[in-house]
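Structural description and commentary
Residues per chain are reported as follows:
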Amino acid sequence: MSTELNLVLLGPPGSGKGTQGERLQADLELPYWATGDILRAAVREGTELGRAAKEYMDRGDLVPDEVIVGMIGQRIDSDEAADGFILDGFPRTAPQAEALATKLTELGRELTVVLLIDVVDDEVVRRLGGRRTCVEGGHVFHVDFNPPGQDGVCDIDGSELVIRDDDKPEVIRHRLEQYHAKTAPLIEHYDTHSLLRRIDGAESPDAVADEIRRTLATLRLEADEAI
Ligand code: AMP
């Protein structure tokens with residue numbers, strides 16, 4: 001393993017990729033790019049990207065590959081990514097995985113590891129069904145697991161907490177179908193390339209973070225031994 005760390009977080013919606021991605025960003029001091037967050041910010045700002053993505057997102061469909069690939073390609077190709085990056089929610093389809101591999105090859109780089117944060121469907125429904133998101137900054141709470149101090153109000157910026165359109169029950173089910181049909185095949189793909197490491201996402205955020213830390217430490221050891 002070279003010193004750079006090019007990491008992908010894979011897993012169903014609601015598996016905790018965002019929570020773990022933010023922790024990893026702080027621990028590893030690497031840029032963290034979550035395609036869902038980038039798209040939601042674009043929708044809030046009313047940019048061309050946001051207008052193109054909104055109807056797909058509201059339905060729980062995937063945004064077309066070419067829109068997403070351009071958005072992430074630019075970032076990987078920037079100075080910010082010189083020491084590596086953490087990707088969350090990308091790649092999500094076989095063509096996106098192919099585009100990522102091509103981009104990295106062009107840059108003389110490769111993926112270091114794909115962490116699959118695994119959670120069963122029933123747990124996804126339970127987690128996303130109770131999720132509340134603030135309209136201003138996208139801060140996330142949960143009615144049972146992480147309730148705000150005051151019902152319906154964001155602790156961080158005081159704005160209103162709402163159910164994201166795509167966290168409504170019928171849309172959650174559709175997002176899960178999309179995940180199983182289009183994203184889950186990447187698990188086998190990355191496993192075949194010996195890049196996949198499985199993390200049990202059913203545990204608490206702290207326990208999941210510990211398991212990720214141990215996994216990355218083992219990878220480093222294996223890489224050192226290979227030199
Ligand atoms: P997330 O917050 O990761 O669950 O993403 C929310 C929504 O953004 C998804 O349901 C998709 O509509 C869209 N999206 C995010 N990442 C991608 C991607 N890599 N490919 C296609 N659509 C995406």
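First, a word on what this report is: a plain description of the structure on this page. (Residues numbered from 1 in each chain as written. Predicted model: local features only at pLDDT ≥ 70, side-chain atom pairs only at ≥ 80, totals over all residues. Heavy atoms only, no water.)

**Concerning the overall build of the chain**
Tallying secondary structure elements over the chain gives nine helices and eight strands in all. Taken over the C-alpha trace, the chain has a radius of gyration of 17 Å; the compact-globule value for 227 residues is 17 Å, and the two agree within 12%. Counting all 227 residues of the chain, 43% fall into the buried class. Taking as baseline every contact in the chain between residues at least 6 positions apart, the subset at least 24 positions apart corresponds to 70%. Counting every atom, the chain has about 11,800 Å² of accessible surface; 49% of that belongs to carbon and sulfur. Taking the average location of the 25 positive side-chain charges in the chain and that of its 45 negative ones, the two points are 3 Å from each other. (Helix = DSSP H or I, 4+ residues; strand = E, 2+ residues; numbered from the N terminus. Rg over C-alpha atoms; globule rule 2.2 N^0.38 Å. Buried < 20%, exposed > 50% of the residue type's maximum accessible area, 1.4 Å probe, protein only. Contact = heavy atoms within 4.5 Å. Areas by Shrake-Rupley, 256 points an atom, 1.4 Å probe, with all protein chains shown as cover. Lys, Arg positive; Asp, Glu negative; His and termini not counted. Charge placed at Lys NZ, Arg CZ, Asp CG, Glu CD.)

**Here's the deal with the environment of Pro 205**
By the element assignment, Pro 205 lies in helix α9 (residues 205–226). A relative accessible area of 44% places Pro 205 in the partly exposed class. Separated by 159 residues in sequence, Pro 205 and Gly 46 have C-alpha atoms that sit 33 Å apart. With residues near it in sequence (within four places) discarded, Pro 205 still touches Thr 19, Gln 20 and Arg 23.

**Digging into helix α6 (residues 121–129)**
Three- or four-residue spacings in an α-helix give side chains the same orientation, since the helix completes a turn every 3.6 residues. Turning to α6, its buried residues are Glu 123, Val 124, Arg 127 and Leu 128. An end-on view of α6 places all buried positions within 120° of arc, on one side of the element. In this structure, the buried residues of α6 make contact with β5 (131–134), β6 (140–142) and α7 (169–183). (Arc of directions from axis to C-beta.)

**Structural notes on the sheet that holds strand β4 (residues 113–118)**
Read across the sheet, five strands follow the order β2-β3-β1-β4-β8 without closing on themselves; strand pairing throughout is parallel. Each having just a single partner strand, β2 (32–34) and β8 (196–200) make up the two edges of the open sheet. Geometrically, the sheet is characterised by an average inter-axis angle of 20° between neighbouring strands, direction not taken into account. Summarising the sheet, strand β1 (residues 5–10) and strand β3 (residues 84–88) pair through five bridges and their orientation is parallel. Within β3, the position partnered with Leu 5 by the bridge is Gly 84. (Pairing = 2+ DSSP bridges. Axes fitted to C-alpha atoms, helices over the stretch in contact; angles between N-to-C directions.)

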